[in-house]
Amino acid sequence: MKFLIRLLLVLSFVQISAQKNDSKISIIFDNLSIEEALSEIEKNTAYRFYYAESWLDSTLIKGSYDIVSIENILEDIFENTLINFYILDQSTVILTKNSIVYDKLPEGFFGKPKDTLRDSVSTEALTTAVPTFFGRTNKADQRKINVYRIGKEDKNSARKNYRLEGTVTDRKSGEPLSNLSIIVKGKNTGAVTNEEGYYSIVLPSGNTILETRSLGIESILMQVILYNDGQLNFELEEDVERLDEVVLQADADKNVKKAITGATEIDVEKSKNIPLVLGERDVLKVATSLPGISTAGEGSSGFNVRGGKTDQNLFLFDNAVIYSPQHFFGIFSALNSFTLGQVEIYKGSIPAEYGGRLSSVFDLKTKKATTDKLSGEGSIGPVTGNLALEIPVVKDKSSLMIAGRGAYANWILRSLDEESLNRSEASFYDFTATYEHQINENNQIKGTAYTSRDDFSITSDSLFIYENRLFTLNWNHRINNKNNLNLTIANSQYDFDIQFKGNSSDNFKLGYKINETGLKLKLRRLISTRFVLDYGIASKLYTIEPGSLRPIGDESLVSPVEIAKERGLESAVFISGDIDITKKLSVDAGIRFSVFNALGPSIQNTYQEGQPKSSETVIATTEYGTNEVIETYGGPEFRISARYLLAEDFSIKASFNNSYQFIHRLTNNTTASPIDTWILSDLNIKPQQSNQYAIGLFKNLKENIYELSLEGYYKTSDNILDFKTGSQILLNENVETEVLQGQGKAYGLEFLIRKNFGKLNGWFGYTYSRSFTKFDSEFNEERVNDGMFFPSNYDKPHDISIVANYKFTKRFSFSTNFVYQTGRPVTFPVGNFTFNGSQFVAFSDRNQFRIPDYYRLDIGFNVEGNHKKNKLAHSFWTFSIYNVLGRNNPYSVFFVSEQGKIKALQTSIFTIPVPSITYNFKF
């Protein structure tokens, strides 16, 4: 009672003292800090200010006031701050942070029930929070409570609830924490962070106790005193607790919950346990063990995705295109697995931000290097040596990752079952450097540089060299908690040289080069926790040097040839949204509008209508100047995918995807080759187009330990390229006279069952797929198989992959990899005939026959070093046998004539088991 009487006496004194001062002043502020502005007022008036210096920020004050009340001046100064003020008398001003000083009690103060008082707290919250004001914690909960005052109190506001929002990040890595629950203590309400770590929650004004909950992340209590709408960003650490065994997996139900179809992620770290040729870790080879992705054969370059050609796949390395992602005839990946952090493959519904290819996108990103201590990883194998280093530059802010890999592979060529390769030589290297810098919480930059080179000599007088080079610069800017901006500048180049040194009179060098420079601006807006919008623009400039022939040495009689350059500009605008319409129905829909301009300088031929394209049917030649538009192609590309939850762990998905492709790979081989060339669409070569429909069922079992999927697709294509028999591609100024453009169709069914955890893990994948092409024309020389559909070179109806890993202990494991594929189609000679005294061979219809089926079994035994914490390096040994059954799988079939008879012969790459030992280390 005595305390209440004293409180009333104090408030009465404040009421009497706090009379308004109507005196007005004149003052000028010229870019002064808040503290300097207050000092200026004190110099020119009788007012004195009382505050904590830490409350004041670096905001600059500028303005001129002529006979204005002190109250109006202070309202301007503190308008954009959290500071309130109270004018006690004619000489005293008290500043407060967040809150307001009240000089009278609200109406009905003594008549209101306790539970309606301003800034009231629930009983449970008070028992937890009140003791912390005195430096103690509640006995029932020993966690420390951090107190946060949010927003600026407004005495004119009648609102009872305010919005609190912010982002939650990992204190060590700086990465956003998704699926983190933020619970209001004492109430059954809360919020969950999204993929960007963002949350938004409506709370009553005054005191609230919040608790964070997430598996594997520390749980904390926060006392939030909310005065207005505001922002609270905070960091959390991993929750370290010794358990017998805990398995954590981010987005464990992503395969069921995400709306996009045909999307696959590869765990780079787990790929080290899969036995592959010569013990080399290779995520791209792992990709071929998944349904819908295959190659034309062992030792072949390029990938065929859902019945598509090898040139229909977009390979992105930190957002820059890499044109030849494989080394050594396709046996090894050109991308260093030690540098990769994330590998995503889209083969169904491709997001609208990607364009330029029909079949798939391989989006590979370098991992985030550590910023606190030097670390690294390396390997030594029978063919390659590899080393990657992660170097902190500025602690907790920036890091540099450098990695290099080289091969010493000549002994392999000499051991292959192919006489022409026994005297061959081959080597390669690649180098990657990535720099990341966290400028502040809103800005991050990342730069990546990559180069690779392959040298191989099939014969003693020829040397083949092909190179990749790329550079990317990425700026990620968080505009606010709901808007992000990402800007990428990238440059890619691919070139090859063929050097022939026979007799001095015919030595030459043949070269080719393609270069592209791209710019992409992508923005993301979080409309709500259920609706994310992506939109942006992208453009790239192509420059192609189709071919050059130059003599080597003064004695060479080879005449130089230079094919005119090609240039093209590909641009697009895109927008897409991922929206949860209901708890069960989710849609990811977007549109990309692509435009391609073939640019000069160039000379283009016009051919007579109703006649096949040839040098005899040219009726006009048009010369285009620099940057003059030759032809324009393009149109809308729709990307629509939807998911409906039949149960919490069971969904059905469907999608439609259509795309344009303005660049084409020229090859007259069965498989892609490092010396294939790329050309752009122009006046006579149209862009490729495709439409793909897909539907699938996705199911998880036993708390996501098992995942199953069954997905079917149907795809049609137009303007697919092929070549006339005996066509000349290299150094041809009029390639369009050798080109056939026709239709394609593909369909298939993909089944996958995967076990993610446990001593035995791995997957079984089966694909049934068919791929056909059709070239029909009124002219016989442009018609194939009488204009009917026929199997493409990469049509393989049945494809089975089994990948399994069994862990005996934490250090010892056994792995196996089994592959079965239907033999690919080939064209066989079926007879011969004599015409005008000469003998000719009669061939079957195109791809009427097949080479024998392909199957292979690989095994591996993995030994990890002990897991002691304080070791210089942790080791990992891999003992593997590739093709343990010694299967003589055919790579190709060719025909020779001996004593008037035609014989079929086959070429194989690995005909015997290939053992290898690889030592890996990590520090």
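Calculation notes
Residues numbered from 1 in each chain as written. Predicted model: local features only at pLDDT ≥ 70, side-chain atom pairs only at ≥ 80, totals over all residues. Heavy atoms only, no water. Helix = DSSP H or I, 4+ residues; strand = E, 2+ residues; numbered from the N terminus. Buried < 20%, exposed > 50% of the residue type's maximum accessible area, 1.4 Å probe, protein only. Contact = heavy atoms within 4.5 Å. Pairing = 2+ DSSP bridges. Axes fitted to C-alpha atoms, helices over the stretch in contact; angles between N-to-C directions. Core = buried A, V, L, I, M, F, W, Y, C linked by side-chain atoms within 4.5 Å. Phe/Tyr/Trp six-rings, centres within 6.5 Å; stacked < 30°, edge-to-face > 60°. pLDDT = per-residue confidence, 0-100. Parallel < 35°, antiparallel > 145°, perpendicular 65-115°, else oblique. Nonpolar A, V, L, I, M, F, W, Y, C, P; charged D, E, K, R; others polar. Salt bridge = Lys/Arg side-chain N within 4 Å of Asp/Glu carboxyl O. Patch = residues over 30% accessible without salt bridge, like charges linked within 9 Å, V, L, I, M, F, W, Y side chains within 5 Å. Areas by Shrake-Rupley, 256 points an atom, 1.4 Å probe, with all protein chains shown as cover. Arc of directions from axis to C-beta.

1. Considerations on the overall build of the chain
Counting its regular elements, the chain contains seven helices and 57 strands. When each of the 923 residues of the chain is scored for burial, the buried share is 49%. Of the contacts made within the chain by residues no fewer than 6 positions apart, 65% connect residues no fewer than 24 positions apart.

2. What about the sheet that holds strand β19 (residues 320–321)?
Within the open sheet, the five strands sit side by side as β15-β22-β23-β18-β19. Their pairing is mixed. What marks the edges here is a single partner per strand, and that holds for β15 (263–266) and β19. By the bridge criterion, two bridges tie strand β18 (residues 313–317) to β19 in an arrangement that is antiparallel. Looking across to β19, one finds that L316 is bridged to V321.

3. Section: the environment of W55
Assignment of secondary structure puts W55 in the loop between β2 (48–50) and β3 (60–69). Judged by relative accessible area, W55 falls into the partly exposed class, the value being 29%. Spatially, the C-alpha atoms of W55 and K97 are 6.8 Å apart, while their sequence positions differ by 42 residues.

4. A short note on the sheet that holds strand β5 (residues 92–97)
A sheet is described by the order of its strands in space; here three strands give the open sequence β2-β5-β4, paired in mixed fashion. The two strands at the open ends of the sheet, each matched to only one other strand, are β2 and β4 (83–87). Neighbour-to-neighbour, the strand axes of this sheet turn through a mean angle of 25°, independent of strand direction. Across five bridges, β4 lies against β5 in antiparallel orientation. Looking at β5, one finds that I87 is bridged to V93. On the sheet, helix α3 (residues 70–77) packs against β2, β4 and β5 and is oriented at approximately 170° with respect to β4.

5. With respect to the nonpolar core
Ranked by internal contacts, the top residues of the largest apolar core, which has 44 residues, are Y323, V361, F496, I514, F596 and I663. With residues up to four places along the chain from it excluded, the contact list for I514 reads Y323, S492, Q493, Y494, T543, I544, I663 and W678.

6. Focus on the packing of aromatic side chains
This model, assessed by the stated rule, comprises 24 aromatic pairs. A ring pair is formed by F303 and F362, whose centres lie 5.8 Å apart and whose planes are at 40°; its orientation type is tilted. Of this pair, F303 sits in the loop between β16 (293–294) and β17 (304–305) while F362 sits in strand β23 (residues 360–366); the two residues are 59 residues apart in sequence, bridging distant segments of the chain. When its relative accessible area of 2% is taken as the criterion, F303 is described as buried. On the basis of relative accessibility, which here comes to 0%, the residue F362 falls in the buried class.

7. Let's talk about the confidence of the model for the chain
On average, the chain scores 83 in pLDDT, and the residues at 70 or more come to 85%. Long-range and interchain partners of residues 1–21, a stretch whose pLDDT sits below 50, account for 17 contacts in this model, where long-range means more than four residues apart. Here residues 112–140 is modelled with pLDDT under 50, and outside its nearest four sequence neighbours on either side it reaches 33 contacts, counting other chains as well.

8. Quick word on the side chain of N336
By the element assignment, N336 lies in the loop between β21 (332–333) and β22 (340–346). Among the residues examined, N336 registers a relative accessible area of 1% and is labelled buried. Setting aside chain neighbours within four positions, we find N336 in contact with N386, A403, G404, R405 and D430.

9. So, the environment of N481
For N481, the position within the fold is in the loop between β29 (462–480) and β30 (483–500). Separated by 316 residues in sequence, N481 and E165 have C-alpha atoms that sit 7.8 Å apart. Look past the residues within four positions of N481 in its chain and what remains in contact with it is E165, G166, T167, Y198, Q231 and N233.

10. As for unusual backbone geometry
Here G600 and P601 are connected by a cis peptide whose omega angle stands at 5°. For P601, the position within the fold is in the loop between β35 (585–599) and β36 (602–607). Here the phi dihedral of D318 falls at roughly 55°; this positive angle occurs in a residue that is not glycine. Here D318 is to be found in the loop between β18 and β19. For D318, a relative accessible area of 6% corresponds to the buried category. Even without being a glycine, N719 presents a positive backbone phi close to 60°.

11. Looking at the packing of helix α2 (residues 34–44) against α3
Packing of α2 against α3 leaves a shortest axis separation of 11 Å and a crossing angle of 170°. With respect to α3, the axis of α2 lies roughly antiparallel. Across the interface between the two elements, I34, A37, L38 and I41 from α2 touch I70, I73, L74 and I77 from α3. In the contact of α2 with α3, the residues fall into eight nonpolar, no polar and no charged.

12. A closer look at the pattern of salt bridges
Under the counting rule described, the total for this entry stands at 36 salt bridges. Between K368 and E436 there is a salt bridge, with its nearest N and O atoms 3.9 Å apart. Of this pair, K368 sits in the loop between β23 and β24 (375–380) while E436 sits in strand β27 (residues 425–440), placing them 68 residues apart in sequence. Assessed through its relative accessible area of 33%, K368 is described here as partly exposed. Among the residues examined, E436 registers a relative accessible area of 9% and is labelled buried. In this structure, the salt-bridge partner of R856 is D858, at a minimum N-O distance of 2.9 Å. Note on accessibility: R856 and D858 belong to one class, buried.

13. Some words on a nonpolar patch on the surface
A cluster of nonpolar side chains, L760, Y806, F808, F812, F814, F861, W877, F879 and I917, forms an exposed patch at the surface whose accessible area comes to about 790 Å². When residues of the nonpolar patch are traced back to their parent elements, those giving at least two are β48 (812–821) and β54 (874–882). Of note, F812 is situated in strand β48.

14. As for α3
Inspection of α3 places I70, I73, L74 and I77 among the buried residues, and these make up the whole buried set. The buried residues of α3 occupy an angular sector of 95° when projected down its axis, which confines them to one face. In this structure, the buried side of α3 is in contact with β1 (24–33), α2, β2, β3, β4 and β5.

15. Describing the pairing of strand β12 (residues 221–226)
Of all six residues in β12, six are buried; the element is thus mostly enclosed. Of the two faces of β12, the one holding L221, Q223 and I225 and the one holding M222, V224 and L226 are both buried throughout. Relative to β12, strand β11 (residues 206–213) runs antiparallel, the two being bridged by six bridges. Its bridge partner being in β12, T208 is matched across the sheet by V224.

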